[in-house]
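Listed below are the residues making up each chain.
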Amino acid sequence: MIEVLQRVIPEAPDRPAIAGPDHPIRIATQEIATQPGAWTTERASNVEKLFDALAPEWDSRETANQMAPLVDALERGEVTGNLCVDVGSGTGASTRQLSGRFRRLVAVDIAIEMLRRAPAELAPRVRADGARLPVQDRVVDALVLVNAFLFPAEVDRVLAVDGALVWVSTLGDGTPIYLSPDEVAAALPGRWAARTSDAALRTARRMGPPGPLRRGGGRVPRGGRGGGPELGATDRARGGGRGD
């Protein structure tokens, strides 16, 4: 079930349409979300190298209202809770908007150079693969993906029974890493109720109890400021999936 919300964010007249259906990143996004085994070690390594290389100038791409769709998703989606995981957090644009809204916030990215440029004071920065998050089963109240690859089985594994997936495409259907609302809902295991606006999904929640877990994700104890390896004074993190 998909509820279409009224548009509240005016479309910028000069909004770039960076990618169309035939863009290589768009094709990869669809394959990763729908084809088991599409997220290979080679593909993960290539994505890591790409975003490590982009990190030094990444902040120059940020526009004044880039995170407005995220704020809209959180507010009209009534997204609250204890633990929020920001997947594909990059240099921290989304993390800044999430800070203060949850008791615990963890920023996750595959690219170490992105994390090094992210604000350390807002959340633990964890280098990890979005397909194998260092989080226990079904403990995440809000799983936030801003311009990030969707790993449906991992969303199902880590999201709390009453938790919310926040999926934001900042350029709508012109975003390289993009799936339509119908594509996201179809890729997720089970039945989901979603809210969408501006041709992009905002939030999705389960309709009814989740099914059995598909094992294979990472595991860490639940407590503390993240439980997993953090990027601090030294590079103690390990891992490899992202998008920002």
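These figures come from a predicted structure and were not determined experimentally.

J.: Quick question: what am I supposed to make of the packing of aromatic side chains here?
T.: The description of two aromatic rings rests on the distance between their centres and on the angle between their planes. This model, assessed by the stated rule, comprises three aromatic pairs. Between the aromatic rings of tryptophan 39 and phenylalanine 151, the centroid separation amounts to 5.1 Å while the plane-to-plane angle is 70°, which identifies the pairing as edge-to-face. Of this pair, tryptophan 39 sits in the loop between helix 1 (24-34) and helix 2 (41-54) while phenylalanine 151 sits in the loop between strand 5 (140-146) and helix 6 (152-158), placing them 112 residues apart in sequence. Phenylalanine 151 shares its class with tryptophan 39; the two are buried. Taking the centre distance of 5.7 Å and the plane angle of 75° together, the rings of phenylalanine 51 and tryptophan 58 count as edge-to-face. Assessed through its relative accessible area of 12%, tryptophan 58 is described here as buried. By way of ring pairs, the aromatic residues Trp39, Phe149 and Phe151 are connected into one cluster.

J.: Could you clarify how one ought to interpret unusual backbone geometry in this entry?
T.: Most peptide bonds are trans, and most residues other than glycine sit at a negative phi. Unusually for a residue other than glycine, glutamate 78 sits at a positive phi of about 50°. In this fold, glutamate 78 is placed in the loop between helix 3 (68-76) and strand 2 (83-87). Here glutamate 78 falls in the exposed class, since its relative accessible area comes to 56%.

J.: Please clarify how the nonpolar core should be interpreted in this entry.
T.: Where a protein is soluble and globular, its nonpolar side chains tend to be buried together. Membership of the largest hydrophobic core comes to 28 residues, with the highest contact counts inside it found for Val85, Val140, Leu143, Leu150, Val155, Leu165 and Leu188. Elements that contribute at least two residues to this core include exactly strand 2, strand 3 (104-109), strand 5, helix 6, strand 6 (159-168), helix 7 (181-187) and strand 7 (192-197). Once you skip the residues sitting within four places of it in the chain, leucine 143 turns out to touch Val85, Val87, Leu133, Val155, Val158, Leu159, Ala164, Leu165 and Val166. Ala73, Leu74, Phe102 and Ala123 belong to the second largest nonpolar core, which has 17 residues in total.

J.: Got a minute to help me understand the environment of methionine 67 in this structure?
T.: Considering the arrangement of structural elements, one finds methionine 67 in the loop between helix 2 and helix 3. Sequence-wise, methionine 67 and glutamine 97 are 30 residues apart; in three dimensions their C-alpha atoms are separated by 7.5 Å. Among residues more than four places away in sequence, those in contact with methionine 67 are Ala93, Ser94, Gln97, Val146 and Thr170.

Definitions and cut-offs
- Residues numbered from 1 in each chain as written.
- Predicted model: local features only at pLDDT ≥ 70, side-chain atom pairs only at ≥ 80, totals over all residues.
- Heavy atoms only, no water.
- Phe/Tyr/Trp six-rings, centres within 6.5 Å; stacked < 30°, edge-to-face > 60°.
- Helix = DSSP H or I, 4+ residues; strand = E, 2+ residues; numbered from the N terminus.
- Buried < 20%, exposed > 50% of the residue type's maximum accessible area, 1.4 Å probe, protein only.
- Core = buried A, V, L, I, M, F, W, Y, C linked by side-chain atoms within 4.5 Å.
- Contact = heavy atoms within 4.5 Å.

By themselves, these figures tell us nothing about what the structure is for.
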